[in-house]
Amino acid sequence: MREKKPISFEDVIEINNYLEALTKCKKGVGFKLSVQLYDAHAIHIIAETVERLRNGEVPDLKDVPKIILYERGKRRVITPIRIEDRMTQKVICDNALLPSVENRLIYDNSASRKNMGVDLARERLMHHILEEVRTYGPDSVYVLKFDFKGYFDNIPHEQCFRVLDECIQDKRLREIIVWIILSYKIPEISR
């Protein structure tokens, strides 16, 4: 059996990976002016981004205005991510993080995994609910639905970094991933 080649910065931060990510990142938001403008100049922007990253520069995070929504009677503040920032995150997630940590994920985690989308998540939820009903009866099963405010901002990042150190050997790749993780704290720190 051949040993798996470690994922390298050069293999991940590569123009073809960005072009593939562009197709995915446009899905459902292609009507937005910012996405259309990015798409119109994609080759130039992607080439610049790849060059800057290869030269050790981290991309500037764009200051994004918050959007206030009211869902189910509750006020919700959303900080959307710009297409420029989303592209590098998508490239790294698809080509470095997911391949490196996938064998550590539980089967029921269908987030961002190929052929494991919302339908599978619903199917697994129903499986677990029915199993609980069979075991404990229909009157003893409850479903609690909630949303963590600032979940990614507040998870224990040290644990993420430990797993990252174990899974990603390439130092430059680890550094850019850490930068992305810590970038979610930047707006919180400035407040």
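Residues numbered from 1 in each chain as written. Predicted model: local features only at pLDDT ≥ 70, side-chain atom pairs only at ≥ 80, totals over all residues. Heavy atoms only, no water.

What follows concerns the pattern of salt bridges. A full pass over the atoms with the stated rule returns 12 salt bridges. The shortest N-O distance in the salt bridge between Arg104 and Glu166 comes to 2.7 Å. Here Glu166 lies in helix H8 (residues 157-167) and Arg104 lies in the loop between helix H5 (83-101) and helix H6 (118-136), a separation of 62 residues in the sequence. Classification of Arg104 as partly exposed rests on a relative accessible area of 44%. Overall, the relative accessible area of 39% leaves Glu166 in the partly exposed class. Its salt-bridge partner being Asp119, residue Arg122 comes within 3.7 Å of it at the nearest N-O pair. Of this pair, Arg122 and Asp119 are both found in helix H6, 3 residues apart, which corresponds to roughly one turn of the helix. Each member of the pair, Arg122 together with Asp119, is exposed. Taken together, the shared-partner salt bridges connect Glu20, Lys24, Lys90 and Asp94 into one network. (Salt bridge = Lys/Arg side-chain N within 4 Å of Asp/Glu carboxyl O. Helix = DSSP H or I, 4+ residues; strand = E, 2+ residues; numbered from the N terminus. Buried < 20%, exposed > 50% of the residue type's maximum accessible area, 1.4 Å probe, protein only.)

A word on empty space enclosed by the protein. On inspection of all chains with the given rule, the structure shows 2 cavities of 30 Å³ or more. When its volume is computed, the second largest cavity comes out at roughly 30 Å³. Here the lining of the second largest cavity gets 4 residues from one element, more than from any other, and that element is helix H2 (residues 15-26). A per-class count over the lining of the second largest cavity returns 1 nonpolar, 2 polar and 3 charged. (1 Å grid on protein atoms, 1.4 Å probe; cavity = no way out; pocket = protein on both sides within 12 Å on 5 of 7 lines; lining within 4 Å. Points joined across faces, edges and corners; volume = space filled by probe spheres on them. Nonpolar A, V, L, I, M, F, W, Y, C, P; charged D, E, K, R; others polar.)

On to the nonpolar core. Counting 29 residues, the largest nonpolar core has Val12, Ile13, Tyr18, Met87, Ile92, Leu173 and Ile177 as the members making the most contacts within it. Looking at this core, the elements that each hand over two or more residues are helix H1 (9-12), H2, helix H3 (33-40), helix H4 (42-54), H5, H8 and helix H9 (171-183). Here this core takes 6 residues from H5, the largest share from any one element. Residue contacts for Leu173: discarding those within four places in its chain leaves Ile7, Ser8, Phe9, Val12, Ala96 and Ile168. (Core = buried A, V, L, I, M, F, W, Y, C linked by side-chain atoms within 4.5 Å. Contact = heavy atoms within 4.5 Å.)

Sheet topology note: the strand E1 (residues 67-71)/strand E2 (residues 74-78) ladder contains 5 bridges and is antiparallel. Along E2, the bridge assignment pairs Leu69 with Arg76. Between E1 and the antiparallel strand that follows it, E2, lie 2 residues; Arg72 among them carries a positive phi value of about 45°. (Pairing = 2+ DSSP bridges.)

Relative to the 18 Å expected for 13 residues at 1.5 Å per residue, H4 spans 18 Å between its end C-alpha atoms, a close match to the ideal helical length. Restricting attention to buried positions, one finds in H4 the residues Ala42, Ile46, Thr49, Val50 and Leu53. Along the axis of H4, the buried residues cluster in a sector spanning 95°; they form a single face. Trailing H4 by a residue or two, Gly56 shows a phi angle of about 90°, which is positive. (Expected span 1.5 Å × (residues − 1). Arc of directions from axis to C-beta.)

Now for the packing of H8 against H9. In the contact formed by H8 and H9, the axes pass within 11 Å of each other and the chain directions differ by 165°. Relative to H9, the element H8 lies roughly antiparallel. Crossing angle aside, the handedness with which H8 passes H9 is right-handed. Residues His157, Cys160, Phe161, Leu164 and Asp165 of H8 form the contact with H9, whose own contacting residues are Arg174, Ile177, Val178, Ile181 and Leu182. (Axes fitted to C-alpha atoms, helices over the stretch in contact; angles between N-to-C directions. Parallel < 35°, antiparallel > 145°, perpendicular 65-115°, else oblique. Left-handed = near helix turned anticlockwise from the far one by under 90°.)

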